[in-house]
Amino acid sequence: MSAIDAAFANHGYVTDGSTATALRLMISLQKPLLIEGPAGVGKTEIAKALAQVLQTRLIRLQCYEGLDVHSALYEWNYQKQLLHLKLSENDGRSLRQKEADLFDQTFLLRRPLLEALTDQVSSPVLLIDEIDRADEAFEAYLLETLAEFQVTIPELGTVVAQHRPYIVLTSNRTRELSDALRRRCLYQWISYPDIEKEMQILQAKIPDINKALAEQISQMMEQIRCLPLVKTPGIAESLDWAIALMTLHQGVLDTETMQETLGCILKDRDDWELVLHEMKHGEFLKNTLSAGNVER
Amino acid sequence: MSLCRVSCPPTTSLVRHVTIFCQKLRQLGFLIGPEQTIDSLRAMEITGVANVTDVKEALRLVLCSSPDEQKLFDELFEVHFRSNSWSSLDPISIEPPSEDNLLAMGRKQKPVDSASPAEKRKTPTVKSPFSQELYGIDTGIPSEMDLLEGRDAGSSFLTSILHRDAATRARIPVDDLDMAMEAAKLLLNRAKRETSRRLEMGMRGRQLDFRRTLRINRQGGSEIFKLAWKSPKPKPIRFVLFCDGSRSMSGFAERFLQFAYALTCCSAHVEVFLFSTHVKRVTAKLYRTKRHELQALSVQGAEWGGGTRIGESLATFIQLEGRNMLEKNTVIMIGSDGLETGSVEVLQQSMKIIHSRSASVIWLNPLLAMPGYEPTARGMQAALPYIDTFSHAHDARSYKKMAAAFRCRR
């Protein structure tokens, strides 16, 4: 268990017990891993770190509304096919030969899913990011890949993976995923980190950060996340904030600096006002900040 | 690394226990088939059984598929694998899982803490039971009936959960279901449809569909004489329904749920939430229910009965799901009498956000059917400026009337 922790720590990713177990089982059971959680808690980062740890290729499929099988799996190069047809019009070959030529591998455009299944060297990491953004119809295309590690192309037949890819799916829970998809995956939920873990992450990602600032940021974020915000900031925002503060050469966080850099963590006007209000009148934000003010 | 504290009867094997555990979870609605049972055993083989935390995490990964299931799993795991009912040697007494944890949904997930204070108090007194029989083949698996009736040792807790649900169930009426279906279809038709970014094939359109063009024209040699086009597909309108489950709403709420069920039958884009003191998503349950099973369908939860905190429930919804579910093609439907016991400011704030980020807001208030009723309750007054369609609906026919009069704000 600690070997995985250490390997990930080397690549700047802080794992906890359950995430480490998830990765270990995913590798041993050869099952896809479905990761859910709020935005900005490092779901995508897991796949990136996994690729680095395993020293393999990361193939990423970003899902979006309207994503179809031709952008995700394969597509024929129609322009090239048409050109080929025109050029070979009068070469006297039989129809059968022409057709065989037309749907040859040379006209096949490999999209991420096919790319991941046909890797000749080693098992790549296939990241299917924000699967909830794709529509339900697309989920169905995925089932064959997820369960059998193969895809069926009508013109070519079934392509079976020589090296089974490590598949990581992420979802923000925009919609409920289908039971069929869930059943084929291991399931891991990642939520916002606690103060200690967030400090570790800050220190791992930004080695130059001083410990006091990291601690203050973590405490602050913990409190801000308890507020009823429209958009709760994730770890990505904490990191941005920490880098912003360091760029401004701020060793500690005080009221003034916080007001100036609030844009790093809050991306909504109402949230902004709520936090400013809390800073003025609320209890907890004030306490953390006053420590910074005194030190200054 | 702590020693294993999992207690099993000396006569049965681990395989049997895991299988029974999986069966019990399946009865509670977990998505578990034989494949998952096998996977959980394989997972245990990989993590080893020396550390109970590892075992728990491995099983949780394989057997759960949502945060709610994970919460329930954590408690059931404790009860199933640490229960003293299987071992007279083990003096551990089990505290039943808190109702909050069992039924509270949509809350922020607790950090996974393997050693809670309660656990630390319990001292391990049982030696590792996984000595020889680790993978012994065992066919003595109790039938589903045994499990349901609590004949199997250790399942009494589960049955108590099932029975407790019975006390807080809401039954959906089956009469007039066809009428409700008609109303739902009508409402779907009335809602204006946006176009999505997904393209649809057709003989007219804006974009050339190369794939089909080539297919169509292949029969004519290499000459292209027919073109196939793609055009944007109409985007389905999405419905988010909130049903007030407080005591004052009994009678109306069941009818509202019936309409919600009818909508789930007609559209794949419906979300249903129950609320009273807090909010709970029941979408999956409604979608899974077949029509002939409706008689037996019950919506469980702590949300049934009790006071009403509309504002807080809506605020929780906005915080957890709002970013995703509140879109410009979302129609919000709230069925409540507006008798708010929580903060009116929170209600107003939530309604403002919902209004600004949805296509239309429908509020159905059963009190409106009473002659002479004025929406003067504080909660109702706060919400009123943000409602597009304010109506009452007490039976399937009036739902149809409401649907016929419905118009999207945008």
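1. Remarks on the confidence of the model for chain B
All names here are of chain B.
Here comes step 1: Looking at chain B, pLDDT values average 72 and 70% of them are 70 or higher.
Here comes step 2: In the model, residues 1-11 has pLDDT below 50 throughout and makes 30 contacts with residues more than four positions away in sequence or in other chains.
Here comes step 3: Under a pLDDT of 50 for its full length, residues 84-167 has, in the predicted model, 139 contacts with residues more than four places off or in other chains.

2. Thoughts on the pairing of strand β8 (residues 166-171) of chain A
Residue and element names in this part refer to chain A.
Here comes step 1: Within β8, six of the six residues are buried, leaving the element largely enclosed by the surrounding structure.
Here comes step 2: Of the two faces of β8, the one holding Tyr166, Val168 and Thr170 and the one holding Ile167, Leu169 and Ser171 are both buried throughout.
Here comes step 3: Strand direction decides the pairing type here: strand β1 (residues 33-36) and β8, joined by four bridges, are parallel. Bridge pairing in β8 links Glu36 to Ser171.
Here comes step 4: Sheet analysis places strand β5 (residues 125-129) next to β8, joined by four bridges and oriented parallel. Opposite Val125, over in β8, you have Tyr166 as the bridge partner.

3. Thoughts on the sheet that holds strand β5 (residues 270-275) of chain B
Residues and elements named next belong to chain B.
Here comes step 1: Taken in spatial order, the six strands make up an open sheet running β6-β5-β4-β7-β8-β9, and their pairing is mixed. A single partner strand is all that each edge strand has here, and the edge strands are β6 (279-281) and β9 (389-391). Each strand axis lies, on average, 20° off the axis of its neighbour in the sheet, ignoring direction.
Here comes step 2: When strand β7 (residues 330-335) meets strand β8 (residues 360-364), the two strands line up parallel, connected through five bridges. In the sheet register, Ile334 faces β8, and the bridge partner there is Trp363.

4. Some details on the interface of chain A and chain B
One widely used convention gives an interface's size as the accessible area the parts lose upon coming together.
Here comes step 1: Each partner contributes to the interface: chain A provides 56 residues, whereas chain B provides 44 residues.
Here comes step 2: Both sides of the chain A and chain B interface together cover about 4,500 Å² of buried area, and 53% of this is carbon and sulfur.
Here comes step 3: In this assembly, chain A and chain B are joined by six salt bridges.
Here comes step 4: For the salt bridge of Glu35 of chain B with Lys31 of chain A, the shortest nitrogen-to-oxygen distance reads 3.6 Å.
Here comes step 5: In this structure, the connection of chain A to chain B is made through nine residue pairs in polar contact (both at pLDDT 80 or more).
Here comes step 6: Only α2 (17-29), β1, β3 (74-76), α5 (78-87), α6 (95-102), α8 (136-148), α9 (179-183) and β9 (186-189) of chain A provide two or more residues apiece to the side of chain A that touches chain B.
Here comes step 7: Sort the elements by how many residues they give to the side of chain A that touches chain B and α2 of chain A lands first, with eight residues.
Here comes step 8: Split into classes, the residues belonging to the side of chain A that touches chain B amount to 23 nonpolar, 13 polar and 20 charged.

5. Description of the pairing of strand β6 (residues 150-153) of chain A
Residue and element names in this part refer to chain A.
Here comes step 1: Going residue by residue along β6, you find Val151 and Ile153 tucked away on one face and Gln150 and Thr152 left uncovered on the opposite face.
Here comes step 2: Bridge count for β6 against strand β7 (residues 157-160) is four bridges, and the pairing is antiparallel. If you follow Val151 over to β7, its bridge partner there is Val159.
Here comes step 3: Counting the residues that bridge the hairpin from β6 to β7 gives three residues.

6. Regarding the sheet that holds β5 of chain A
Residue and element names in this part refer to chain A.
Here comes step 1: Strands sit in the order β2-β5-β8-β1-β9 across an open sheet of five strands; the sheet is parallel. Of all the strands in the sheet, just β2 (58-62) and β9 have a single pairing partner and so form its edges. Between one strand axis and the next, the sheet turns by 20° as a mean value, whatever way the strands run.
Here comes step 2: Of the pairings in the sheet, the one linking β1 to β9 comprises four bridges and is parallel in character. Across the sheet, Glu36 pairs through a bridge with Trp189, a residue of β9.
Here comes step 3: Running over the sheet, α2 touches β1, β8 and β9 and is turned about 160° from β9.

7. Regarding the nonpolar core
All names here are of chain B.
Here comes step 1: Ranked by internal contacts, the top residues of the largest apolar core, which has 49 residues, are Phe21, Leu59, Leu63 and Phe73.
Here comes step 2: Counting residues per element, this core draws most heavily on helix α3 (residues 52-63), at seven residues.
Here comes step 3: Ignoring anything within four residues of it in the chain, the contact list for Leu63 reads Phe21, Cys22, Leu25, Phe30, Ile32, Gln36, Ser40, Glu69 and Phe73.
Here comes step 4: Counting 42 residues, the second-largest nonpolar core is a separate cluster that includes Leu241, Tyr261, Met333 and Ala359.

8. Here's the deal with the packing of aromatic side chains
All names here are of chain B.
Here comes step 1: For the structure shown, the criterion picks out 16 aromatic pairs over all chains.
Here comes step 2: Here Phe242 and Phe275 contribute two aromatic rings whose centre-to-centre distance is 6.5 Å and whose plane-to-plane angle is 65°, an arrangement assigned as edge-to-face. In this pair, Phe242 is assigned in strand β4 (residues 238-244) and Phe275 in strand β5, connecting sequence segments 33 residues apart.
Here comes step 3: Three or more aromatic residues joined by ring pairs form one cluster here, namely Phe21, Phe73, Phe77 and Phe81.

9. Focus: the side chain of Gln188 of chain A
Here comes step 1: Relative to the helices and strands, Gln188 of chain A resides in strand β9.
Here comes step 2: Separated by 3.1 Å, the side chains of Gln188 of chain A and Ser18 of chain A make a polar contact.
Here comes step 3: Not counting residues up to four positions away in its chain, the partners in contact with Gln188 of chain A are Ser18, Thr19, Ala22, Leu33, Leu34, Ile35 and Glu36 of chain A together with Leu61 and Gln70 of chain B.

10. Some points on α8 of chain A
Residue and element names in this part refer to chain A.
Here comes step 1: At Leu142, α8 is bent by approximately 35°, the largest bend along its length.
Here comes step 2: Three or more residues of α8 are buried, namely Phe138, Glu139, Leu142, Leu143, Thr145 and Leu146.
Here comes step 3: Positive phi shows up at Phe149, right after α8, with a value of about 55°.

Parameters at a glance
- Residues numbered from 1 in each chain as written.
- Chains lettered and ligands numbered in written order.
- Predicted model: local features only at pLDDT ≥ 70, side-chain atom pairs only at ≥ 80, totals over all residues.
- Heavy atoms only, no water.
- pLDDT = per-residue confidence, 0-100.
- Contact = heavy atoms within 4.5 Å.
- Buried < 20%, exposed > 50% of the residue type's maximum accessible area, 1.4 Å probe, protein only.
- Helix = DSSP H or I, 4+ residues; strand = E, 2+ residues; numbered from the N terminus.
- Pairing = 2+ DSSP bridges.
- Axes fitted to C-alpha atoms, helices over the stretch in contact; angles between N-to-C directions.
- Buried area = accessible area lost by both parts, 1.4 Å probe.
- Salt bridge = Lys/Arg side-chain N within 4 Å of Asp/Glu carboxyl O.
- Polar contact = N/O pair within 3.5 Å; in protein donor to acceptor, adjacent residues only side chain to side chain.
- Nonpolar A, V, L, I, M, F, W, Y, C, P; charged D, E, K, R; others polar.
- Core = buried A, V, L, I, M, F, W, Y, C linked by side-chain atoms within 4.5 Å.
- Phe/Tyr/Trp six-rings, centres within 6.5 Å; stacked < 30°, edge-to-face > 60°.
- Bend = angle between axes of the 7 residues up to and from the residue.

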